[in-house]
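Topology and contacts: notes
So you can see what is in the structure, the chains are spelled out below.
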Amino acid sequence: MKPPVVVTLHLDQRKLPAEIFDRFAARAGVFRDRRQREEDAWESFGKPGRDPDKLGGVLSALADRGGWVPNLKIAQLRNHWDQVVGQGVAQHSQVVGFAEGILTIRAESTVWATQLTYLMPQLSATIRMRLKGLDISEIRVTGPHAQSFGRGRMGGGRRYSR
(Lines give C-alpha, C1' and ligand atoms only; values in the text may rest on other atoms or scores of the structure.)
Protein backbone atom coordinates (compact mmCIF):
# COMPACT_ATOMS: atom_id res chain seq x y z
CA MET A 1 0.00 0.00 0.00
CA LYS A 2 1.27 3.47 -0.95
CA PRO A 3 1.58 6.24 1.60
CA PRO A 4 -0.83 9.18 1.29
CA VAL A 5 0.11 12.04 -1.06
CA VAL A 6 0.52 14.39 1.90
CA VAL A 7 3.27 12.17 3.30
CA THR A 8 4.93 11.55 -0.08
CA LEU A 9 5.04 15.29 -0.95
CA HIS A 10 5.84 16.36 2.63
CA LEU A 11 2.87 18.72 2.88
CA ASP A 12 1.57 20.23 6.11
CA GLN A 13 -2.06 19.16 6.43
CA ARG A 14 -2.91 22.22 8.53
CA LYS A 15 -1.85 24.64 5.72
CA LEU A 16 -3.24 22.63 2.81
CA PRO A 17 -6.89 23.85 3.01
CA ALA A 18 -5.79 27.46 3.30
CA GLU A 19 -3.47 27.22 0.28
CA ILE A 20 -6.11 25.62 -1.91
CA PHE A 21 -9.39 27.09 -0.77
CA ASP A 22 -8.40 30.68 0.00
CA ARG A 23 -8.11 31.36 -3.73
CA PHE A 24 -11.63 30.08 -4.32
CA ALA A 25 -13.01 31.97 -1.34
CA ALA A 26 -11.49 35.23 -2.63
CA ARG A 27 -13.03 34.70 -6.09
CA ALA A 28 -16.39 34.02 -4.50
CA GLY A 29 -16.12 37.39 -2.73
CA VAL A 30 -15.40 39.14 -6.04
CA PHE A 31 -18.45 37.54 -7.66
CA ARG A 32 -20.60 38.44 -4.65
CA ASP A 33 -19.41 42.09 -4.79
CA ARG A 34 -20.07 42.29 -8.54
CA ARG A 35 -23.57 40.90 -8.10
CA GLN A 36 -24.24 43.46 -5.34
CA ARG A 37 -23.04 46.35 -7.54
CA GLU A 38 -25.31 45.18 -10.36
CA GLU A 39 -28.30 45.11 -8.03
CA ASP A 40 -27.45 48.57 -6.68
CA ALA A 41 -27.17 49.92 -10.22
CA TRP A 42 -30.64 48.63 -11.11
CA GLU A 43 -32.13 50.17 -7.98
CA SER A 44 -30.62 53.62 -8.68
CA PHE A 45 -31.32 53.58 -12.44
CA GLY A 46 -32.75 56.92 -13.62
CA LYS A 47 -32.16 58.73 -10.34
CA PRO A 48 -30.32 62.09 -10.32
CA GLY A 49 -26.59 61.78 -10.82
CA ARG A 50 -26.92 58.54 -12.75
CA ASP A 51 -27.79 60.00 -16.16
CA PRO A 52 -25.04 59.92 -18.77
CA ASP A 53 -23.50 63.13 -20.11
CA LYS A 54 -25.49 64.94 -22.74
CA LEU A 55 -24.29 64.55 -26.31
CA GLY A 56 -23.42 68.24 -26.63
CA GLY A 57 -21.12 68.03 -23.62
CA VAL A 58 -19.38 64.96 -25.00
CA LEU A 59 -18.89 66.60 -28.41
CA SER A 60 -17.58 69.79 -26.80
CA ALA A 61 -15.02 67.78 -24.86
CA LEU A 62 -13.94 65.99 -28.05
CA ALA A 63 -13.62 69.31 -29.91
CA ASP A 64 -11.52 70.80 -27.10
CA ARG A 65 -9.20 67.82 -26.87
CA GLY A 66 -8.88 67.47 -30.64
CA GLY A 67 -8.09 71.14 -31.26
CA TRP A 68 -11.14 71.58 -33.51
CA VAL A 69 -12.57 74.63 -31.73
CA PRO A 70 -11.09 77.30 -34.07
CA ASN A 71 -12.33 75.46 -37.17
CA LEU A 72 -15.80 75.03 -35.68
CA LYS A 73 -15.97 78.71 -34.71
CA ILE A 74 -14.94 79.82 -38.22
CA ALA A 75 -17.61 77.54 -39.69
CA GLN A 76 -20.11 79.10 -37.30
CA LEU A 77 -19.00 82.56 -38.43
CA ARG A 78 -19.42 81.60 -42.10
CA ASN A 79 -22.90 80.19 -41.48
CA HIS A 80 -24.07 83.25 -39.54
CA TRP A 81 -22.16 85.95 -41.43
CA ASP A 82 -25.39 87.85 -42.13
CA GLN A 83 -26.04 88.16 -38.39
CA VAL A 84 -22.59 89.69 -37.87
CA VAL A 85 -22.47 92.26 -40.69
CA GLY A 86 -26.10 92.55 -41.70
CA GLN A 87 -28.01 91.09 -44.62
CA GLY A 88 -26.94 93.73 -47.17
CA VAL A 89 -23.21 93.48 -46.54
CA ALA A 90 -23.37 89.67 -46.21
CA GLN A 91 -24.74 89.38 -49.75
CA HIS A 92 -21.57 91.06 -51.06
CA SER A 93 -18.89 89.54 -48.81
CA GLN A 94 -17.83 86.25 -47.27
CA VAL A 95 -15.36 84.78 -44.81
CA VAL A 96 -12.69 82.99 -46.83
CA GLY A 97 -10.14 81.89 -44.27
CA PHE A 98 -8.52 81.91 -40.88
CA ALA A 99 -4.85 81.12 -40.40
CA GLU A 100 -2.37 82.05 -37.67
CA GLY A 101 -4.81 84.47 -36.04
CA ILE A 102 -5.63 86.30 -39.30
CA LEU A 103 -9.27 86.31 -40.40
CA THR A 104 -9.66 86.98 -44.13
CA ILE A 105 -12.86 88.39 -45.62
CA ARG A 106 -13.39 88.75 -49.36
CA ALA A 107 -15.66 91.48 -50.70
CA GLU A 108 -17.45 91.37 -54.05
CA SER A 109 -16.04 94.72 -55.16
CA THR A 110 -13.67 97.40 -53.98
CA VAL A 111 -16.67 99.47 -52.89
CA TRP A 112 -17.83 96.69 -50.56
CA ALA A 113 -14.25 96.19 -49.36
CA THR A 114 -14.16 99.88 -48.43
CA GLN A 115 -17.52 99.55 -46.68
CA LEU A 116 -16.19 96.60 -44.65
CA THR A 117 -13.08 98.59 -43.80
CA TYR A 118 -15.26 101.29 -42.27
CA LEU A 119 -17.08 98.61 -40.25
CA MET A 120 -13.87 97.03 -38.92
CA PRO A 121 -14.06 98.22 -35.29
CA GLN A 122 -17.68 97.12 -34.88
CA LEU A 123 -17.04 93.95 -36.87
CA SER A 124 -14.04 93.05 -34.72
CA ALA A 125 -15.94 93.67 -31.49
CA THR A 126 -18.96 91.63 -32.65
CA ILE A 127 -16.82 88.68 -33.76
CA ARG A 128 -14.86 88.65 -30.50
CA MET A 129 -18.06 88.85 -28.48
CA ARG A 130 -19.87 86.06 -30.34
CA LEU A 131 -16.91 83.75 -30.88
CA LYS A 132 -15.21 83.79 -27.50
CA GLY A 133 -12.09 81.67 -27.42
CA LEU A 134 -11.17 82.37 -31.05
CA ASP A 135 -7.94 84.37 -30.99
CA ILE A 136 -8.12 86.86 -33.88
CA SER A 137 -5.10 89.15 -34.04
CA GLU A 138 -5.88 90.73 -37.43
CA ILE A 139 -8.77 91.02 -39.88
CA ARG A 140 -7.97 91.40 -43.57
CA VAL A 141 -10.48 92.52 -46.17
CA THR A 142 -9.66 91.70 -49.78
CA GLY A 143 -11.39 92.83 -52.92
CA PRO A 144 -12.40 90.69 -55.87
CA HIS A 145 -9.76 88.52 -57.55
CA ALA A 146 -7.11 89.53 -55.04
CA GLN A 147 -5.28 86.23 -55.48
CA SER A 148 -4.71 86.75 -59.20
CA PHE A 149 -2.48 89.80 -58.64
CA GLY A 150 0.30 87.65 -57.20
CA ARG A 151 0.44 89.34 -53.79
CA GLY A 152 0.62 86.14 -51.81
CA ARG A 153 -1.80 83.45 -50.88
CA MET A 154 -4.49 85.73 -49.47
CA GLY A 155 -3.77 88.72 -51.65
CA GLY A 156 -3.06 92.25 -50.56
CA GLY A 157 -6.13 93.84 -49.14
CA ARG A 158 -6.84 96.14 -46.25
CA ARG A 159 -5.87 95.17 -42.73
CA TYR A 160 -7.21 95.84 -39.30
CA SER A 161 -5.25 94.85 -36.22
CA ARG A 162 -6.29 95.05 -32.62
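Now for a look at the structure at hand. (Residues numbered from 1 in each chain as written. Predicted model: local features only at pLDDT ≥ 70, side-chain atom pairs only at ≥ 80, totals over all residues. Heavy atoms only, no water.)

**Looking at the environment of V69**
You can see V69 is positioned in helix α4 (residues 69-79). Assessed through its relative accessible area of 22%, V69 is described here as partly exposed. Between the C-alpha atom of V69 and that of L134, which follows or precedes it by 65 residues, the distance is 7.9 Å. Ignoring anything within four residues of it in the chain, the contact list for V69 reads A63 and D64. (Helix = DSSP H or I, 4+ residues; strand = E, 2+ residues; numbered from the N terminus. Buried < 20%, exposed > 50% of the residue type's maximum accessible area, 1.4 Å probe, protein only. Contact = heavy atoms within 4.5 Å.)

**Comments concerning the pattern of salt bridges**
The final tally for this structure, using the stated rule, is one salt bridge. Measuring nitrogen to oxygen at the nearest pair gives 2.9 Å for the salt bridge that ties R140 to E138. Side by side, R140 and E138 carry an identical accessibility label, which is buried. (Salt bridge = Lys/Arg side-chain N within 4 Å of Asp/Glu carboxyl O.)

**Focus on a negative patch on the surface**
Among the surface-exposed residues, E38, E39, D40 and E43 lie close enough to one another that they form a single negatively charged patch. Assignment of secondary structure puts E43 in helix α2 (residues 16-43). With relative accessibility at 56%, the residue E43 sits in the exposed group. (Patch = residues over 30% accessible without salt bridge, like charges linked within 9 Å, V, L, I, M, F, W, Y side chains within 5 Å. Areas by Shrake-Rupley, 256 points an atom, 1.4 Å probe, with all protein chains shown as cover. Lys, Arg positive; Asp, Glu negative; His and termini not counted. Charge placed at Lys NZ, Arg CZ, Asp CG, Glu CD.)

**Focus: unusual backbone geometry**
Residues other than glycine seldom take positive phi values, yet E100 does so here, at roughly 55°. With respect to the helices and strands, the residue E100 is situated in the loop between β1 (93-99) and β2 (102-107). Since its relative accessible area comes to 79%, E100 is described here as exposed.

**Quick look at α2**
Between the first and last C-alpha of α2 there are 41 Å, a value that for 28 residues agrees with the 40 Å anticipated at 1.5 Å per step. Bending of α2 peaks at approximately 35° at the position of D22. (Expected span 1.5 Å × (residues − 1). Bend = angle between axes of the 7 residues up to and from the residue.)

**Focus: a nonpolar patch on the surface**
Taken together, the side chains of L55, V58, L59, L62, W68 and L72 define a hydrophobic patch exposed on the protein surface, amounting to about 600 Å² of accessible area. The element that contributes the greatest number of residues to the nonpolar patch is helix α3 (residues 55-66), accounting for four residues. With respect to the element layout, W68 can be found in the loop between α3 and α4.

**Side note on the pairing of β1**
Sheet topology places β1 next to β2; six bridges connect them, and they run antiparallel. Its bridge partner lying in β2, V95 is registered against I105. (Pairing = 2+ DSSP bridges.)

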